[in-house]
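Here's the letter readout for the chains.
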Amino acid sequence: MQTSALRTPAKEIETPRMQSDSLSLQELISVLRCPATGEALYYQDGRLVNQSCSKRYQIHDGTPDLRVPPRRLSIDIPWYEPWDDLESLNISFPEKLSSPDLPYHLDGYLASMVPKDSRGRWLLEIGCGERQAEDWFRGRGLNYVGVDIDYRGPGPNVLGDGHNLPIQDDSMDYCASMAVLEHVISPMAFCREVYRVLKPGGVFFGSAVFVYGFHDKASFNHMSHAGILYMLRTAGFDVEQVWPD
């Protein structure tokens with residue numbers, strides 16, 4: 001199941017300039033935050049340190065290790081009746097982008113969520129794996145940040161937990177999560193974190209499995225279109241479109 005969701009605009013926020021190559025550590029730090037305290041981070045003696053100097057984080061081969069799970073899950077959400085929205089939900093394919101160089105897990109429908117010229121905008125891929133989509137997103141002018149809990153291949157730009165993203169509030173224009181939602185323990189906590197880091201008006205897009213076997217280390221949550229709608233709406237998003245894979 002694939003989907004795109006919109007965070008309702010509230011204000012204009014400037015975006016940093018784009019580099020032609022992967023972001024440097026200094027550029028990356030500008031959008032990071034301490035996952036334990038929420039404070040900004042700075043570089044000191046080969047580590048990242050929060051402003052109160054209460055937490056220090058290792059950097060392995062240029063990759064900050066900010067894997068801190070939430071201490072507790074506290075989700076306070078208003079009751080939401082999905083029936084009317086399910087009746088009017090747009091279940092149709094968007095216009096497919098024809099591109100011969102699309103990476104694994106990023107098909108032409110999902111790729112169409114990002115404008116061709118996205119210079120200066122920020123994209124966070126959560127569960128980026130081996131960063132196979134990085135070059136494609138950077139080719140559209142995006143500042144790409146890949147976060148993952150594991151280190152595979154070249155590794156992510158940042159090691160972090162999707163339930164407690166080490167990313168500043170209102171800092172991303174796009175968030176992408178391809179074939180990841182079924183692997184997180186609490187999709188609701190995950191989606192609320194995505195909502196927190198997106199700028200008002202930002203777009204969250206990706207895919208999640210429904211009819212599919214148990215796979216990888218664990219697949220906790222297989223979701224229907226109704227489950228995706230409920231999860232995203234209660235996390236705060238406007239759901240624009242859902243379509244079958």
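This report concerns the structure included in the present document. (Residues numbered from 1 in each chain as written. Predicted model: local features only at pLDDT ≥ 70, side-chain atom pairs only at ≥ 80, totals over all residues. Heavy atoms only, no water.)

A few words now on the overall build of the chain. If you tally the helices and strands in the chain, you get 6 helices and 11 strands. Viewed in the frame of its principal axes, the chain has a C-alpha envelope of about 55 × 40 × 40 Å. Here the chain holds 245 residues, and the buried ones make up 50% of them. Counted over contacts in the chain with a minimum sequence separation of 6, partners at least 24 positions apart contribute 67%. Just so you have it, the chain exposes about 12300 Å², and 48% of that area is on carbon and sulfur atoms. Taking the average place of the 23 positive charges on the side chains of the chain and the average place of its 33 negative ones, the gap between the two points comes to 6 Å. (Helix = DSSP H or I, 4+ residues; strand = E, 2+ residues; numbered from the N terminus. Buried < 20%, exposed > 50% of the residue type's maximum accessible area, 1.4 Å probe, protein only. Contact = heavy atoms within 4.5 Å. Areas by Shrake-Rupley, 256 points an atom, 1.4 Å probe, with all protein chains shown as cover. Lys, Arg positive; Asp, Glu negative; His and termini not counted. Charge placed at Lys NZ, Arg CZ, Asp CG, Glu CD.)

This next bit is on the environment of Leu-123. With respect to the helices and strands, the residue Leu-123 is situated in strand S6 (residues 122-126). The class of Leu-123 is buried, set by a relative accessible area of 0%. A sequence separation of 75 residues divides Leu-123 from Leu-198, and the C-alpha atoms of the two residues are 9.3 Å apart. Sequence-distant contacts of Leu-123, that is, excluding residues within four places in its chain, are made with Val-114, Phe-137, Leu-142, Asn-143, Tyr-144, Val-145, Met-172, Tyr-174 and Phe-205.

Moving on: the pairing of strand S2 (residues 41-44). For S2 and strand S3 (residues 47-50), the ladder comprises 4 bridges, and the chain directions are antiparallel. For Tyr-42, the partnering residue across the bridge sits in S3 and is Val-49. In this antiparallel pair of consecutive strands, S2 and S3, the connection spans 2 residues, and Asp-45 shows a positive phi of 55°. (Pairing = 2+ DSSP bridges.)

Turning to the nonpolar core, a few remarks are in order. Buried together is how nonpolar side chains tend to be arranged in soluble globular proteins. Membership of the largest hydrophobic core comes to 44 residues, with the highest contact counts inside it found for Leu-124, Val-145, Met-172, Phe-190, Phe-204 and Leu-232. Not counting residues within four places of it along the chain, the set of residues in contact with Phe-190 comprises Ile-126, Gly-162, His-163, Ser-177, Val-180, Leu-181, Val-184 and Phe-204. Listed in part, the 18 residues of the second largest apolar core include Leu-106, Val-114, Leu-123 and Val-203. (Core = buried A, V, L, I, M, F, W, Y, C linked by side-chain atoms within 4.5 Å.)

In this section: the environment of Gly-120. Looking at where Gly-120 falls in the secondary structure, it is placed in the loop between helix H3 (108-111) and S6. Owing to a relative accessible area of 9%, Gly-120 belongs among the buried residues under this scheme.

On to the environment of Ala-40. Here Ala-40 is to be found in the loop between helix H1 (25-29) and S2. We classify Ala-40 as partly exposed; its relative accessible area is 28%. Between the C-alpha atoms of Ala-40 and Ile-167, which are 127 residues apart in sequence, the distance is 9.3 Å. The contact partners of Ala-40, leaving out residues within four places of it in the chain, are Leu-32, Val-49, Asn-50, Gln-51 and Gln-168.

Turning to the packing of helix H5 (residues 187-197) against helix H6 (residues 225-235), a few remarks are in order. At their nearest, the axes of H5 and H6 sit 9 Å apart, and the two run at 45° to each other. Regarding the angle of H5 to H6, the classification is oblique. At the point where H5 passes H6, the crossing takes the right-handed sense. Residue-level contacts link Pro-187, Met-188, Cys-191, Arg-192 and Tyr-195 of H5 to Met-231, Leu-232, Thr-234 and Ala-235 of H6. Its residues assigned to classes, the contact of H5 with H6 comprises 7 nonpolar, 1 polar and 1 charged. (Axes fitted to C-alpha atoms, helices over the stretch in contact; angles between N-to-C directions. Parallel < 35°, antiparallel > 145°, perpendicular 65-115°, else oblique. Left-handed = near helix turned anticlockwise from the far one by under 90°. Nonpolar A, V, L, I, M, F, W, Y, C, P; charged D, E, K, R; others polar.)

A word on H6. For H6, the set of buried residues is Ile-228, Leu-229, Met-231, Leu-232, Thr-234 and Ala-235. Directly beyond the C-terminal end of H6, a positive phi value near 115° is found at Gly-236.

This part is about the side chain of Asn-157. Examined against the element boundaries, Asn-157 turns out to sit in the loop between strand S7 (143-148) and strand S8 (158-160). According to the relative accessible area criterion, Asn-157 is buried, its value standing at 11%. With near-sequence residues (within four places) excluded, Asn-157 lies in contact with Leu-28, Thr-63, Pro-64, Arg-131, Glu-134, Tyr-144, Val-145 and Gly-146.

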